[in-house]
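Next come the chains, spelled out residue by residue.
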Amino acid sequence: RAVAMSVSHSSRLNKLVREQYMRLPQDGLVQVTYVWIDGSGEGVRCKSRTLDKEPKSIEDVPEWNFDGSSTAQAEGSNSDMFLVPVRMFRDPFCLDPNKLVLCEVLKYNRKPAETNLRHTCKKVMDLVKDSHPWFGMEQEYTLLGVNGHPYGWPDNGFPGPQGPYYCGVGADKVYGRDIVESHYKACLYAGVKICGTNAEVMPSQWEFQVGPCEGIEMGDHLWMARFILHRVCEDFGVVATLDPKPMTGNWNGAGCHTNYSTEEMRREGGLKHIEAAIEKLSKRHDYHICVYDPRGGRDNSRRLTGHHETSNIFEFSAGVANRGASIRIPRQVGQDGYGYFEDRRPAANCDPYAVTEAIMRTTVLNETGVETKDYADH
């Protein structure tokens, strides 16, 4: 009864009835679901329309609009916002030929909405494209019942201490694997560059990894992977939260560790370029902390305590194979002398566009201080 009470009512609808309708032919018409980031900078929204034929490229998907006053992105007196398609994926929920389309949001005057961080990220990625930046982001999240309690935890009390849950196997160690495996398959079908998944240290906490992606592709693929996660969880009647510290106390928080390299870092002798980049990051710690969660570092302050495999938010540190450092150089990279490094500071609810843009501004464009340059005129 406790488990049944924690899932949504809609998840208990008869899915076999739904399948009857999903098998009906579409007679050449295509359903396209437009996906965008809302005014919170964390939530995703979507709506669908019919196209006369299957779009073969993003250019075949028309712009659309929505009511920004209902997504905290506009006032009711001037509420129309533009949806500009930027990347297309296969639809794992309605299946081929239907599509999911990630969109940028523009205001009535065609300027980017406040939470459209893709716009400046794309400018920066175009500037640094010759360095061929690769990213891989490790998205941690926590499964909750619709009552806000971690899924599978006792109604009154807590599970046993952390230890047996990380990469665990067994009904007493992992909760919600059906959701995780469904999300993985859905991402593969969609064309999202998901590359792995595992159970995390806190029970009901999981992680999936996306990458390697080059440039702007990183943010696009991670945002679509997040949308698919929320949509899969909806089917199962539970909630995925990206809160960086969903449970206070002696429990791990949730991050979005960001692995990064340029072409010169991946070549023989690249370690010196890795070390040079880390040196630049060390002098701009405050700037990065401000953009590594949607609230200027306030969310991360609950997570980056120096405990539970995190660094202290007020200090920059780096080390080989050190999961308590701001920046970790994997042991294999230290031995090989080339490869990549991991920035462990981004929070689970970070905007990947903001994170990847900040890394490029600091390590390739050599920006310093807390101000950023506007490259619009260059």
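Think of each chain on its own: its residues are numbered from 1, step by step along the sequence as written. In keeping with the model being predicted, local features are shown solely for residues with a pLDDT of at least 70 and side-chain atom pairs are shown and tallied solely at 80 or more, while totals for entire chains, interfaces and linings include all residues. Neither water nor hydrogens contribute to the side-chain values; these are computed over all heavy atoms in the structure.

### A few points about the overall build of the chain
Part 1: Here a strand is any run of E in DSSP of at least two residues, a helix any run of H or I of at least four, and the numbering for each starts at the N terminus. Helices and strands together make up the secondary structure of the chain, namely 11 helices and 13 strands.
Part 2: Against the compact-globule benchmark of 21 Å for 378 residues, the chain has a radius of gyration of 21 Å, which places it among compact chains.
Part 3: Overall, the C-alpha framework of the chain stretches about 60 × 55 × 40 Å when taken along its three principal axes.
Part 4: Counting every position in the chain, which comprises 378 residues, the buried fraction comes to 51%.
Part 5: Residues are treated as being in contact if the distance between any of their heavy atoms lies within 4.5 Å. Restricting to contacts in the chain with at least 6 residues of sequence separation, those with at least 24 account for 67%.
Part 6: All accessible-area figures derive from a Shrake-Rupley calculation using a 1.4 Å probe, and residue coverage is judged against the displayed protein chains alone. In the structure as shown, the chain presents an accessible area of about 17700 Å², 51% of it carried by carbon and sulfur atoms. Two things to know: the radius of gyration comes from C-alpha atoms, and the globule rule equals 2.2 Å times the number of residues to the power 0.38. Think of it in three bands: with a 1.4 Å probe and only protein chains considered, a residue is buried below 20% of the maximum accessible area for its type, exposed above 50%, and partly exposed in between.

### Thoughts on the pattern of salt bridges
Side chains that differ in sign of charge can pair as their charged atoms come close.
Part 1: The term salt bridge refers to a pairing of a side-chain nitrogen on Lys or Arg with a carboxyl oxygen on Asp or Glu at a separation within 4 Å. Taken as a whole, this structure holds 26 salt bridges when the rule is applied.
Part 2: Taking the shortest distance from any N to any O, the salt bridge between D38 and R45 comes out at 2.9 Å.
Part 3: Exposure remark for R45: the relative accessible area of 31% places this residue in the partly exposed category.
Part 4: For E342, the salt bridge is made with R328, and the minimal N-O distance between the two is 2.6 Å. Taken as a pair, E342 in strand 13 (residues 341-343) and R328 in strand 12 (residues 327-329) lie far apart in primary sequence, 14 residues in all.
Part 5: The exposure class assigned to R328 is buried, which follows from its relative accessible area of 10%.
Part 6: Taken together, the salt bridges that share partners define one network made up of E42, D243, R295, D299 and R302.

### Quick look at helix 4 (residues 177-190)
Part 1: Relative to the 20 Å expected for 14 residues at 1.5 Å per residue, helix 4 spans 20 Å between its end C-alpha atoms, a close match to the ideal helical length.
Part 2: Those residues of helix 4 that are buried are in contact with strand 4 (80-90), strand 6 (134-144), strand 7 (194-199), strand 8 (205-214) and helix 5 (217-236).
Part 3: A positive phi of about 95° marks G191, the residue just after helix 4. What a helix should span is 1.5 Å times the count of its residues minus one.

### As for the environment of T50
Part 1: Here T50 lies in strand 2 (residues 44-51).
Part 2: Between the C-alpha atoms of T50 and T33, which are 17 residues apart in sequence, the distance is 8.9 Å.
Part 3: Beyond its immediate sequence surroundings of up to four residues, T50 is in contact with L29 and V30.

### Observations regarding the packing of aromatic side chains
Part 1: Only Phe, Tyr and Trp rings are paired, with Trp represented by its six-membered ring, and only when their centres lie within 6.5 Å; those with planes under 30 degrees apart are stacked, over 60 edge-to-face, the remainder tilted. Summed over all chains, the structure comprises eight aromatic pairs.
Part 2: Aromatic pair F135 and Y260: ring centres 5.4 Å apart, planes at 20°, arrangement stacked. Residue F135 is located in strand 6, and its partner Y260 is located in strand 10 (residues 256-261); the two are separated by 125 residues in the primary sequence.
Part 3: By relative accessible area, F135 is classed as buried at 1%.
Part 4: Aromatic side chains W153 and W251 sit 4.8 Å apart centroid to centroid with 45° between the ring planes, which places their arrangement in the tilted category.

### Things to note about the UniProt feature "domain: GS beta-grasp" (unreviewed entry) in the chain
Part 1: Mapped onto this numbering, the UniProt entry gives "domain: GS beta-grasp" (unreviewed entry) at residues 30-110.
Part 2: Regarding residues 30-110, the helix share stands at 0% and the strand share at 48%, and the terminal C-alpha atoms are separated by 28 Å. UniProt positions are given in the numbering used here, feature names are shortened, and annotations may be inferred rather than shown by experiment.

### Structural notes on the sheet that holds strand 1 (residues 30-37)
Part 1: What the five strands build is an open sheet, ordered 2-1-5-4-3; its pairing is mixed. Every other strand in the sheet has two partners, leaving strand 2 and strand 3 (64-67) as the edge strands with one partner each. The mean inter-strand angle of the sheet, taken between neighbouring strand axes irrespective of direction, is 40°.
Part 2: Should DSSP find at least two bridges between two strands, the strands are taken to pair. Across eight bridges, strand 4 lies against strand 5 (residues 99-106) in antiparallel orientation. What sits directly across from R87, in strand 5, is L102. To obtain each axis, a line is fitted to C-alpha atoms, and for helices this fit is confined to the stretch in contact; angles are then taken between N-to-C directions over 0 to 180 degrees.

### Focus on the packing of helix 5 against helix 11 (residues 352-363)
Part 1: Relative orientation of the contacting elements helix 5 and helix 11 amounts to 155°, with a least axis distance of 8 Å. Classified by the angle their axes make, helix 5 and helix 11 are roughly antiparallel. Viewed along their axes, helix 5 and helix 11 form a crossing whose handedness is right-handed. Residue-level contacts link M218, G219, D220, L222, W223 and R226 of helix 5 to P352, Y353 and T356 of helix 11.
Part 2: For the contact of helix 5 with helix 11, the class distribution of residues is five nonpolar, two polar and two charged. Angular relationships are summarised with four words: roughly parallel below 35 degrees, roughly antiparallel beyond 145, roughly perpendicular across 65 to 115, and oblique for the angles in between. Take the far helix as the reference: if the near one is turned anticlockwise from it by less than a right angle, the crossing is left-handed, and if turned clockwise, right-handed. Polar here means any residue outside two lists: the nonpolar Ala, Val, Leu, Ile, Met, Phe, Trp, Tyr, Cys and Pro, and the charged Asp, Glu, Lys and Arg; Gly therefore counts as polar.

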